[in-house]
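Okay, here's what each chain looks like letter by letter:
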Amino acid sequence: MSNEKTVKSALISVFSKDGLEPIVKKLNEQGVTIYSTGGTQTFINDLGIDVVPVEEITSYPSILGGRVKTLHPKVFGGILNRQNNESDVKELADFEIPQIDVVIVDLYPFEKTVASGASEQDIIEKIDIGGISLIRAAAKNFADVTCVASVDDYADFLEIISKNNGSISLEDRKRFATKAFNVSSHYDSAIFNYFNQNQEEVVLKISETNGKALRYGENPHQKGSFFGDFDAMFTKLNGKELSYNNLLDVDAAVNLINEFKGEAPTFAILKHNNACGFAQSETIHQAYVDALAGDPVSAFGGVLISNTTIDKATAEEINSLFCEVVIAPAFDDEAVEILKSKKNRIILVLNDVELPQTNVRSCLNGILVQDRNSVTDTIEGLTYVTNNKPSEAELEDLIFASKICKHTKSNTIILVKNKQLCAGGTGQTSRVDALEQAIHKANSFNFDLNGAVMASDAFFPFPDCVEIANKAGIKAVIQPGGSIKDQLSIDYCNDNDVAMVFTGTRHFKH
């Protein structure tokens, strides 16, 4: 196996011609024989460069509307032969098969075609057959062949052949092969996932090629990476690079605020994936002031998010708080300049992007997958189980509290009054502990809980929670229901003029 290989021939067959011209010119300058097909052949000819049509190798025309062009033994024999194998070399001579040293292929844009909303017929036609076969063959035979399988690798390839006068090392050939198999495996996963949209096959195939190394993971001794299109989700206006923990908090913030999309101005402050401040008001400025009042201590170093434009007045208030990230669908120009005064503060414009419909997480020696929790409780879906019915204002507060509760770590209790988060009990091992934590926090920040409402992410197995809440001044409760002892809680509420409604939907968040 020779380490260095000098390129003497190349097969080029690409869908996108972007960035191809300088490569073709350099190969021609170095005396490389170029083989090509269809549109790529025309492109090269138009550059005034000689090209050998693949049909001259195969003695067979492109058939079936271009579906079959390169699938021929004389093409794949030229790619797959082992140059240090006497039998392979003899067969190439016997069958007049030309040696192919480089394969440059760009696959049909299957994922882009799916994303465009094209018809099934158009999508099927974008399943590349010849190209994917060329990639696999060339990458397999990296000992003798260089495979360039993506436009993203053109510049790298051009630099190598320019610097080394057409010579490519074994190390580089294997590196290109690795990239090629990444392209082919991702392509096949995308096709399978398109066909398996109804999940007829219980199979998980995840392929993310857009990855970015983070400074570290949850803690400095852990490695971390983010795979996804962050730039599609956000336009970053200012600040340092986001950390692993920043990204988790941003994810929690976006999912929470999406529950209030299109509603009155709403502001959330999150810490460790939970809302520590949340409010809705007539102006975003007042919503922020009310949200901060919910827990000004925890807000330090938090992630802030708004469901509407952040204006100058709100930015001036925010600027006095140390916070890691500020997110909104838009910012006034003056607001941006104010917030930029802290150079490390991350400012993100939230774009309107659909989030994945499945949640994936590692578990034991495998992976857990579930549907996204897409159920949002509504007034129309409530069941009124007590004699005392909530007022209209209480109903609005109950739904408001329920939406926050859905996005808070279990066990959780959320206390709300006048569309302001008074306090939350988060991540507790018992629901009583969660409620007592919430009441303690609300009292420590001088909230009057008389007339407040309570939301629980799961049912009450005993009447103790409604009793504790009632004694704290809470007169309306929203919970899923479903306990075999629901009647005990209902009876307590009826005896003490507390209104309670059931949603029928549990919102555990572990």
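Residues numbered from 1 in each chain as written. Predicted model: local features only at pLDDT ≥ 70, side-chain atom pairs only at ≥ 80, totals over all residues. Heavy atoms only, no water.

Concerning the overall build of the protein
Line of reasoning, step 1. Helix and strand content of the protein: 19 helices and 23 strands.
Line of reasoning, step 2. Taking 2.2 N^0.38 as the reference for a compact globule, 510 residues should give roughly 24 Å; the C-alpha atoms of the protein span a radius of gyration of 31 Å, well beyond that estimate.
Line of reasoning, step 3. Based on the C-alpha atoms only, the size of the protein along its principal axes is roughly 100 × 50 × 40 Å.
Line of reasoning, step 4. Burial statistics for the protein: of 510 residues in total, 47% are counted as buried.
Line of reasoning, step 5. Expressed as a percentage of contacts within the protein between residues at least 6 apart in sequence, the contacts between residues at least 24 apart total 55%.
Line of reasoning, step 6. With the model as given, the accessible surface of the protein reaches about 25400 Å², and the carbon-plus-sulfur share is 49%.
Line of reasoning, step 7. For the protein, the distance from the average position of its 47 positive side-chain charges to the average position of its 69 negative side-chain charges is 5 Å. (Helix = DSSP H or I, 4+ residues; strand = E, 2+ residues; numbered from the N terminus. Rg over C-alpha atoms; globule rule 2.2 N^0.38 Å. Buried < 20%, exposed > 50% of the residue type's maximum accessible area, 1.4 Å probe, protein only. Contact = heavy atoms within 4.5 Å. Areas by Shrake-Rupley, 256 points an atom, 1.4 Å probe, with all protein chains shown as cover. Lys, Arg positive; Asp, Glu negative; His and termini not counted. Charge placed at Lys NZ, Arg CZ, Asp CG, Glu CD.)

A short note on the packing of aromatic side chains
Line of reasoning, step 1. In total, this model carries 12 aromatic pairs according to the counting rule given.
Line of reasoning, step 2. Arranged with centres 5.9 Å apart and planes meeting at 80 degrees, the rings of phenylalanine 15 and tyrosine 108 form a pair that is edge-to-face. Of the two residues, phenylalanine 15 sits in the loop between β2 (9-14) and α1 (21-29) while tyrosine 108 sits in the loop between β5 (102-106) and α6 (110-115), which places them 93 residues apart along the sequence.
Line of reasoning, step 3. With a relative accessible area of 40%, phenylalanine 15 lands in the partly exposed category.
Line of reasoning, step 4. Relative accessible area serves as the criterion here: at 26%, tyrosine 108 is assigned to the partly exposed category.
Line of reasoning, step 5. Measuring from ring centre to ring centre gives 5.4 Å for phenylalanine 260 and phenylalanine 400, while their planes differ by 65 degrees; the resulting arrangement is edge-to-face. Of the two residues, phenylalanine 260 is situated in the loop between α12 (244-257) and β11 (266-271) and phenylalanine 400 in helix α16 (residues 392-406); the sequence distance between them amounts to 140 residues. The pair formed by phenylalanine 260 and phenylalanine 400 is uniform in burial state, with each residue classed as buried. (Phe/Tyr/Trp six-rings, centres within 6.5 Å; stacked < 30°, edge-to-face > 60°.)

Observations regarding the pairing of strand β23 (residues 499-502)
Line of reasoning, step 1. Side chains Ala499 and Val501 of β23 all project onto a buried face; the interleaved residues Met500 and Phe502 project onto the opposite face, where all are buried too.
Line of reasoning, step 2. As paired elements, strand β22 (residues 476-479) and β23 share four bridges and run parallel to each other. If you follow alanine 476 over to β23, its bridge partner there is alanine 499.
Line of reasoning, step 3. Read as a crossover between parallel neighbours, the route from β22 over helix α19 (residues 486-495) to β23 is right-handed. (Pairing = 2+ DSSP bridges. Right-handed = clockwise from strand over helix to strand, strands pointing away.)

Section: the sheet that holds strand β4 (residues 52-53)
Line of reasoning, step 1. Strand order in the open sheet made by the five strands is β4-β3-β2-β5-β6, with parallel pairing throughout. Edge positions in the sheet fall to β4 and β6 (146-148), since each of these pairs with one other strand and no more.
Line of reasoning, step 2. One ladder, built from five bridges, connects β2 with β5; its direction is parallel. For serine 13, the partnering residue across the bridge sits in β5 and is valine 105.

Details of the environment of glutamate 56
Line of reasoning, step 1. Inspection of the secondary structure puts glutamate 56 in helix α3 (residues 54-58).
Line of reasoning, step 2. When the C-alpha positions of glutamate 56 and tyrosine 35 are compared, they lie 9.3 Å apart, and in sequence the two are 21 residues distant.

Remarks on the sheet that holds β23
Line of reasoning, step 1. Spatial ordering of the open sheet is given by β18-β23-β22-β21-β19-β20, a layout of six strands whose pairing is mixed. Single-partner strands in this sheet number two, and they are β18 (383-384) and β20 (421-425).
Line of reasoning, step 2. As defined by bridge partners, strand β19 (residues 413-416) adjoins strand β21 (residues 453-456) across four bridges and the pair is classed as antiparallel. Across the sheet, isoleucine 414 pairs through a bridge with alanine 455, a residue of β21.

Let's talk about the pattern of salt bridges
Line of reasoning, step 1. According to the stated counting rule, one finds 19 salt bridges in the structure shown.
Line of reasoning, step 2. Between aspartate 88 and arginine 82 there is a salt bridge whose closest N-O contact spans 2.7 Å.
Line of reasoning, step 3. Between lysine 419 and glutamate 396 there is a salt bridge, with its nearest N and O atoms 3.4 Å apart. Placement of the pair is lysine 419 in the loop between β19 and β20 and glutamate 396 in helix α16, with a sequence separation of 23 residues.
Line of reasoning, step 4. Residue classification places lysine 419 among the partly exposed residues on the basis of a relative accessible area of 23%.
Line of reasoning, step 5. Through salt bridges that share partners, Asp156, Asp172 and Arg175 make up one connected network. (Salt bridge = Lys/Arg side-chain N within 4 Å of Asp/Glu carboxyl O.)

Things to note about the packing of α1 against helix α9 (residues 154-163)
For any two helices packed against each other, the geometry comes down to the angle between their axes and how far apart the axes lie.
Line of reasoning, step 1. Contact pair α1 / α9: the axes reach a minimum separation of 10 Å and the direction vectors enclose 20 degrees. For the element pair α1 / α9, the angle class is roughly parallel. Two packed elements cross with a definite hand, and for α1 against α9 that hand is left-handed. Between α1 and α9, the residues in contact are Pro22, Ile23, Lys26 and Leu27 and Tyr154, Phe157, Leu158, Ile161 and Ser162, respectively.
Line of reasoning, step 2. In the contact of α1 with α9, the residues fall into seven nonpolar, one polar and one charged. (Axes fitted to C-alpha atoms, helices over the stretch in contact; angles between N-to-C directions. Parallel < 35°, antiparallel > 145°, perpendicular 65-115°, else oblique. Left-handed = near helix turned anticlockwise from the far one by under 90°. Nonpolar A, V, L, I, M, F, W, Y, C, P; charged D, E, K, R; others polar.)

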